[in-house]
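Reading the structure
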Amino acid sequence: MERSKRQKQRKVLLMGRSGAGKSSMRSIVFSNYVARDVRRLGATVDVEHSNIRFMGNLMLNLWDCGGQDSFVESYLTNQRSHVFTHVAVLIFVFDVSSKDTASDMLSFASTIRALHEYSPSSRIFVLIHKMDLVPPEEKTAIFQKKSSDIRKACEDEEFLPDQVGFWATSIWDQSLYRAWTQVIYYLVPNASAIENMLSKLADVLDARELMLYERTTCLVVTHISRGSEVKNPFADRFERLSSILKTHKHSMAKHTGTMASEVSFAEMQVKTGSFMFFITRLTENTNLAIVIANDEAAFNCARINVQLAKKEFAHLDIMEKKAKDPQRAARDSVAAEEDARGSEDGDMSSQGQPSDR
Amino acid sequence: MHTLFGENILSPPPQEEEQASTNPFDLAFNSNPPATSDASGGSSLQQNDWLTQHVQNLSVVDGATSYSHGEQSGPPPRRKGNPRLLFMGLRRCGKSSVQKVVFEKLPPAETLYLEATTKIERASMQSFMTFDSAELPTSLPVQSPDYDHASIFTNIGSVIWIIDSQDEYLTSISELLRLAVFLAENYPRINLEVFIHKTDGLSEEYKYDTFREVRQRVQDELTDYGYGDRPVSYYQTSIFDHSIFEAMSKVIMKLLPALPSMETLLTKLCSTCRIQKAYLFDTLSKIYIATDTSPTFLKDYEVCSDYVDVIVDIKQLYGWRDEGKQGDQNSIEESMVSFDKSGDTYIYTREISNNLSLICLMGQGSGPNMRPVLDYNVEILNGALQKVFKV
C-alpha cells in the first residue's frame, strides 16, 4: 500500500518522421483538440515536454520529439544519453502514406539502436498512422506488411518480439484510443491491484461490465467483463466509449462555454429495455462506467454501492502534496530516481516490467 | 374540468360555462362578466391551472379516458400524409448536399464529390414518420405553362428555395420571386421556405447582412407583385453545423397538423417541472418535430442533438443481446446527464416511442428532489402523446 502511494514518473518518448502526426495525436488525446483542429498545429521544434498526471500517482513524462531530420540527428548524437535514458515506452509513429519508406525505416532503426543502448528493457509501441488514407479493403494487408517489416528491424536490434506492439491508428476514428489505451494500461503502476478491486466490486453489484477511465483523456484504464458480456460482439467497445465520451465532452464545452478540459459531469444514466448503464465519478481523476441488467432496484443499489466503494479507491489518487518535493528532486538527480526505482522493483516486476538497469 | 394533459388543451379553450360545474375553483372566474375578451379568459384559465394542479393530477385518469381528439377533429395527423418537401434553387447552390446530409446521413465533407443532378431525384426517410423529399434540377422549366407542373407540385407541403450566400445571389432572388408568384397563383397552400445557405464561410456580421438583404429584397418585390401578405420564412443554414437540422425542423413542424397540441403539452410540462427547453426529437434524423413555445436557441438544440448521438452509440454497444427480438415492452427507456459537478442542471431524455424521444434541458433549481414531479408529469405527457399519434 505504501508503495503504491508514491508517485511514479514514466518517461514516454513520442518519435517519428516529420509530419507523421505525433503532435496531432498528442493534442487530441491529452489536450482536448478536435480532429479537424489539428491542422493548425505547426511543426514541433526540438522536444516538447509535457507532464500529464494520470490517476493521481502516475506521472506521464511525455517527450514529443520534433521529427525534422536535423533534430533527429541531434537526438542521436549529442543528446543521445539525455533523450534515451530511463525510457519506459517509446511510441514510434509511421505515416502509412509516406513515399519515402526506406528512410523511415532507417530513422526507426537508428532510433531503436540508441534506445537499446540506454534503455534495453523499454517497450516499443509502433503506430502505423493515418490509416484513414488507405482504402478499407487494403488496410489489413498493408498493416500486416508494414508490421512484419518493422518487426524484422526490431529483431535486428535485439528487441524481443513481446517488447514491441503494433497498432493501426487514425485520428478520425477510435483506433487512436485503442493504441493509447494499451500504452496507458502498460504504464499504470498498480493495474492488477485496481483490477482485483474492480472485479470484487463487479461481483457485489452483479454488473455485466465495469470500465474505469481517466477523466481528462477519456482513456479506459482497465475494464472488467463478467458473464455473457464477454461475448459482446463489439470487441472495440472500450475505445469506442472513449471516443463517444470525448465527443460528448466537446459538445458540453460548446454548450456551457467552458474549456473542454474543465468539463465534467456528475453522472450519466442510460436505461433501456435490455441494459442499464451509468457513469459516475470514482476518484478525483477517474470515472467508472457500469453496465448492469435491466433492473431498476439493482440499478439504484449499484449507484449507492459505488458511492460507498469510493473511499476504497481513494488511495489510488493520493494528492501529491507530500510526494511533490521528492518527485522534483528525483527529476533533477538521477541517483534519487534510481533509489526510488530500487524500492519499486517488486511492484514493477509484478506487471512484467523489469527495471531498466 | 381541465386536467393538466386533458382534452381541452388539444381543442380550442372551452367556453366558460362548460366547465362551470366540475371545477371547484371556477366560481371565482365565472363571476367575470361574460364580455371578457378571449385573451383574458385565457389568462384566467392559466391561473386556474396553477391553482388546481393538485386536483387535476388526481383526476388525470378520468381526463385521459374522456380524451377523444383523434376521432373528432378532422383526420388524424399521420393520415394527412407525410411531410413532403421539394428542394429548388440555382445550380450548385447545395440542394443535393442538403438532401443527402439531412435524409441520408452523408458526412458533410463528402458532399464535395456529389455530381450535378439532372433529373428529379426523390428520397424518403423512414423514421418516426416518413419524410419525403424531392429535388428539382435547375434545368427543368417547371413554370412554363405547357409543363405538367401539377405532377410535381400537388401533394407538396413545402418548397425550399436554397440561395448560395457565398455566390452572387441576385439572379437567385429573381428566380425565387418568379417561383413565389407562380406558387401564389397556382398552389397557394404550399409553404415557401428560403434557406440562405453556405453561411459557414461567412463572418458573423456579413452573414447577418446577407440574410437581411435577401429578406428585404424578396419582401419588397413580393409586395410590388401584390403578394406581400404571403408568408415566406427565411433561415440561415450550413451543412457543416446543426443549423441545417434546426431549419429543417422548423420547416417540418409547420407541416404537422398535431403541432399545436404537442406544443401546448410541452409548454405545460416546461412550466410545471421548471424545464428550460423541451424537444420532441425524431431520433433517427435528429429533426425535432415539436418544442415548447419559449424562444429556441441553436446552442440548446446542438447539445441535445449531440446527446442523442451519445445515447444511440451506447445503446448500440450494449444492446447486442436483443438484436432481432423485441425488448421488454414495459420498461421505460430514459437517460440523463448532468452538466457539471453539482448535478443541478441536466439533460433528461425519455423515449416516447420507437424513434421518438422527449428531450428536456433542465434549468436551475430542478435538482434531484424535482425528479418525482418530472417522472410523474412525463408519464402523463407520454400517455397524451401516444393518443395524439394513435392512428
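Everything in this summary refers to the structure shown in the same document. (Residues numbered from 1 in each chain as written. Chains lettered and ligands numbered in written order. Predicted model: local features only at pLDDT ≥ 70, side-chain atom pairs only at ≥ 80, totals over all residues. Heavy atoms only, no water.)

**Side note on the side chain of A:Asp236**
Residues and elements named next belong to chain A. Its place among the elements puts Asp 236 in the loop between β8 (220-225) and α9 (237-256). On the basis of relative accessibility, which here comes to 17%, the residue Asp 236 falls in the buried class. Among all residues touching Asp 236, those that are not within four sequence positions of it are Gln 174 and Arg 178. (Helix = DSSP H or I, 4+ residues; strand = E, 2+ residues; numbered from the N terminus. Buried < 20%, exposed > 50% of the residue type's maximum accessible area, 1.4 Å probe, protein only. Contact = heavy atoms within 4.5 Å.)

**Points about the sheet that holds strand β4 (residues 158-164) of chain B**
All names here are of chain B. Strand order across the open sheet formed by 6 strands is β2-β3-β1-β4-β5-β6, with mixed pairing between neighbours. Pairing within the sheet leaves two strands with one partner each, and these edge strands are β2 (121-126) and β6 (232-236). If you compare each strand with its neighbour and ignore which way they point, the axes differ by 20° on average. Relative to β4, strand β1 (residues 84-89) runs parallel, the two sharing 5 bridges. Considered in β4, the bridge of Met 88 is made with Trp 161. Against the sheet, helix α9 (residues 204-225) engages β4, β5 (191-197) and β6, with an angle of about 165° to β6. With respect to the sheet, helix α10 (residues 243-254) is in contact with β1, β3 (130-135), β4, β5 and β6, its orientation differing from that of β5 by roughly 175°. (Pairing = 2+ DSSP bridges. Axes fitted to C-alpha atoms, helices over the stretch in contact; angles between N-to-C directions.)

**Quick word on the nonpolar core**
A general trend in soluble globular proteins is that nonpolar side chains are found buried together. A:Met268, A:Phe277, B:Met248 and B:Leu358 are the most contacted members of the largest nonpolar core, which totals 92 residues. In terms of residues, this core owes the most to one element, helix α12 (residues 298-318) of chain B, which gives 10 residues. Filtering out sequence-adjacent residues up to four positions away, A:Phe277 remains in contact with A:Leu241, A:Met268, A:Gln269, A:Val270, A:Ala289, A:Ile290, A:Val291, A:Phe299, B:Ile314 and B:Tyr318. (Core = buried A, V, L, I, M, F, W, Y, C linked by side-chain atoms within 4.5 Å.)

**With respect to the sheet that holds strand β2 (residues 47-54) of chain A**
The strands that make up a sheet are held in pairs by hydrogen bonds between backbone atoms, and each pair lies either parallel or antiparallel. All names here are of chain A. A sheet is described by the order of its strands in space; here 6 strands give the open sequence β2-β3-β1-β4-β5-β6, paired in mixed fashion. Two strands bound the open sheet, and with one partner strand each, they are β2 and β6 (164-168). Pairs of neighbouring strands in the sheet enclose a mean axial angle of 20°, with direction left out of account. Bridge count between strand β1 (residues 8-16) and strand β3 (residues 58-65): 7 bridges; the pairing is parallel. By the bridge assignment, Gln 9 is partnered in β3 with Met 59.

**Structural notes on the packing of helix α2 (residues 22-31) of chain A against helix α7 (residues 175-187) of chain A**
Residues and elements named next belong to chain A. Two numbers describe how α2 lies on α7: the axes approach to 11 Å, and their chain directions differ by 75°. Judged on the interaxial angle alone, α7 and α2 are roughly perpendicular. Residues Met 25, Ile 28, Val 29 and Phe 30 of α2 pack against Leu 176, Tyr 177 and Trp 180 of α7. Each residue belonging to the contact of α2 with α7 can be placed in one class, and the counts come to 7 nonpolar, no polar and no charged. (Parallel < 35°, antiparallel > 145°, perpendicular 65-115°, else oblique. Nonpolar A, V, L, I, M, F, W, Y, C, P; charged D, E, K, R; others polar.)

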